[in-house]
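Residues per chain are reported as follows:
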Amino acid sequence: MSSMSPSERRLHKELMSLIKEPPPGVTVDTESVQQNLSEWKINIKGFEGTLYEGEDFQLLFKFNNKYPFDSPEVTFIGTNIPVHPHVYSNGHICLSILTEDWSPALSVQSVCLSIASMLSSCREKKRPPDNTLYVKTCNKNPKKTKWWYHDDSV
Amino acid sequence: MNSDDEYSDEDHGDSYRLANSPSSYMTCVESDEDTCTEIDLPERPKRPIEIDEFAYTVLTADQIVQHQRNIIDEVNNVLHLSPQVTRIILNHYKWDKETLFERYFESSPQEFFHRAHVVNPFATPSKHSLKSSATTTTTGKPREQLCGICYCPCEELKGLACGHAFCAACWKQYLANKTCSEGLAHSITCPAADCDILVDDVSFVRLADDAEVTARYQQLITNTFVECNSLMRWCPAPSCTHAIKVSYCEPRAVRCSCGHEFCFGCGENWHEPVSCSWLKRWLKKNNEDSETSNWIAQHTKECPKCNVTIEKDGGCNHMVCKNPSCRYDFCWVCLGSWEPHGSSWYSCNRYDEEEGKQARQAQERYRSSMARYLHYYNRYMNHMLSMRMEHKLYANVQAKMTDMQENMSWIEVQFLKEAVDVLCQCRATLMYSYVFAFYLRNNNQKIIFEDNQRDMEMATEKISECLEREITVQNLYEVKQKVLDLSHYCRKRRTVLLVHVREGYEKDWWDFIE
């Protein structure tokens, strides 16, 4: 463990605790993480009693060597991208803690919980209004997008 | 007032002085003439338009830092807080002492400090005991605590008054990252999630513990200070590190100690008679044909409050102006205030109508005004190019002055250089006079303006030709008289044109074409 960089050491600790005590509905794809510690796939379940009940989603976390001082790059991947006013059809998420409100005291677990709660509080399944234009023109890395956060209610 | 420090420009009557000592730069220069009692003669009503003084000082980077300290001290004479806390609060109010005092006396201390993102220094300290994510061993030995960032046990955790604490290594990296990678200084918060308490400058130096990072931080702080402060502006000349400080904000000519003369209102080269906003439109329009500008026209809009050019690169329509002194919330689609949009942000129904109408109008305007535009543009460009040539003239004139010194003294040949100065000044004024005229609607005053412009242009061309072709050492004294006469006449024509325009601004004669 001594050969690890501070960033790897912290990721390792986070991984251990996520595997040991995962929050409800969140599971780490350990196979993907074993291949590469800087890219994690995480499965999250739509909670019961919400619009996403019974659905399964997959998140991709990418970490650079400045993590946790730099935020992770988080997108939805796979065949089922949640239909939500803050989630673009290419998987990009408009969530302030992923860019300007990121704090190094946040973690993979707290990001997962924020995304789960963002989904749970949704009252109408629809895509963001500028989805078509955005998906056509955006950078592959959602962190390169300057997001304007507008509404915390959904 | 030390007369050595004072310079004055004969044409504008603008005066300023350079600050020589930190203690002197705060004083405002008032025109001596203002303090004299003078009876305004009815036949000279133009006098106040012709001679009006604009006082300003040039500050070096060190003087700016000192100036900040002075303001902090002034505020602390009333508030009696630690300087670092006062600095954060001042920055919150964009260094406007009056607003700060107003808020201080009208709101509760708790609310006041909360709004400025600092911990209330008068609150009972027990509330702010360390609340790190620490797990302490109860063995009585030095307590080992877990740092909330690296998740490693550490002997000592440090933090701000909010009580969130992290290990020294994490603080160092956090602050270095914020300052050097993200370019933040005043707005760095405690690293804890959801904590909006700001890192003060004293804590920064202590926790960053790195000379290079601290130097960068100091630079950023000074930068924000000048940019937030409506009474200050950086000299836009490349690699100049001075700033200009004025006592009231107005679009006026200022000259930095590096020699660059520019407009305090917008930072462009001094552009009388045209106003800042029209010049900005003109410059944008000039670039409209290039690819870049097509892009700018399509992808940018101006902030409806501060006119900064804004690019939207995705995300939602709720825009927050990033200009540190503006921060206006508005809707990208209708450019109205964001407030009424509320939560139904995507059903802003003003979109189709307005945007469509604007686009159609813009197109029509563009076509019908192309010929007119080219008329003014060609003349504007012509004077600009001539002005660049005139700068070459300085070298020629210098050579001639050396030749002449066989027959005349150094002081006697200065008239040549001064004549080129006048010529360059006239070229600049003529250049901007075409921008002014382009946006001007026809009326009788415009006819007078155009007559003045013609006279000035003729005078300018005459002196230009004379300086370029007629100067020879043979006819020295004859030429000297001619050059002096011509430059005097040019200067006079320029004053006439500018005074007329100023009078027009004052009396509302000018009607501009939107």
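In case you missed it, the structure is sitting above this.
We now turn to the structure provided with this report.

The rules behind the values
Numbering of residues starts from 1 in every chain and runs along the sequence as written. The order in which chains are written sets their letters, starting at A; the order in which ligands are written sets their numbers, starting at 1. For this predicted model, a pLDDT threshold of at least 70 governs which residues receive local features, and a threshold of 80 or more governs which side-chain atom pairs are given and counted, while totals over whole chains, interfaces and linings are taken from all residues. Secondary structure elements follow DSSP: runs of H or I no shorter than four residues count as helices, runs of E no shorter than two count as strands, and numbering proceeds from the N terminus. Our exposure labels follow a C-beta count within 10 Å of each residue's own C-beta, placed from the backbone: buried means 20 or more other C-beta atoms, exposed means 12 or fewer, and partly exposed covers the counts in between. For the purpose of contact definition, each residue receives a C-beta atom placed from its backbone, and two residues are in contact when these atoms lie within 7 Å. Pairing between strands is defined by DSSP: at least two bridges between them are needed. For this analysis, nonpolar core means a set of buried Ala, Val, Leu, Ile, Met, Phe, Trp, Tyr and Cys residues linked through C-beta atoms within 7 Å.

Take the overall build of chain B next. Looking only at helices and strands, chain B has 15 helices and 15 strands in total. Here chain B holds 514 residues, and the buried ones make up 28% of them. Of the contacts formed within chain B by residues at least 6 apart in sequence, a portion of 54% connects residues at least 24 apart.

A few words on the pairing of strand S3 (residues 56–59) of chain B. All names here are of chain B. Every second residue of S3 is oriented toward a common face, with Tyr-56 and Val-58 on one face and Thr-57 and Leu-59 on the other, all of them buried. Note: S3 against strand S9 (residues 243–246), 4 bridges, orientation antiparallel. Opposite Tyr-56, over in S9, you have Val-246 as the bridge partner.

Attention now goes to the environment of Lys-144 of chain A. Residues and elements named next belong to chain A. Relative to the helices and strands, Lys-144 is located in the segment after helix H4 (131–137). For Lys-144, a count of 12 C-beta atoms within 10 Å gives the class exposed. Residues Lys-144 and Thr-99, spaced 45 residues apart in sequence, show a C-alpha to C-alpha distance of 9.3 Å.

We now examine the nonpolar core. Counting 84 residues, the largest nonpolar core has Leu-59 and Ile-115 of chain A together with Cys-147, Phe-166, Cys-170 and Ile-244 of chain B as its most contacted members. Among the elements that make up this core, the one with the highest residue count is helix H3 (residues 108–120) of chain A (6 residues). One finds Tyr-380, Cys-426, Ile-471 and Val-483 of chain B within the second-largest nonpolar core, a separate group that totals 35 residues.

This part covers the pairing of strand S4 (residues 73–77) of chain A. Residue and element names in this part refer to chain A. Most of S4 is tucked away: 4 of the 5 residues are buried. Judged from the 5 bridges that link them, strand S3 (residues 56–62) and S4 form a sheet pairing that is antiparallel. Counterpart to Leu-60 in the pairing with S4 is Thr-75.

The phi torsion of most residues other than glycine is negative, and most of the peptide bonds are trans. A cis amide bond links Tyr-67 of chain A to the next residue, Pro-68 of chain A, at an omega of 5°. One can find Pro-68 of chain A in the loop between S3 and S4. Cis geometry is adopted by the peptide bond preceding Pro-273 of chain B, which originates at Glu-272 of chain B and carries an omega value of 10°. Structurally, the position occupied by Pro-273 of chain B is in the loop between strand S11 (261–263) and helix H10 (276–286). Although it is not a glycine, Asp-194 of chain B adopts a positive phi angle of roughly 70°. Mapped onto the secondary structure, Asp-194 of chain B falls in the loop between helix H7 (168–181) and helix H8 (201–208). Taking the number of C-beta atoms within 10 Å as the measure of exposure, Asp-194 of chain B has 12 and is therefore exposed. At Ser-239 of chain B, a position not held by glycine, the phi torsion is positive, near 60°.

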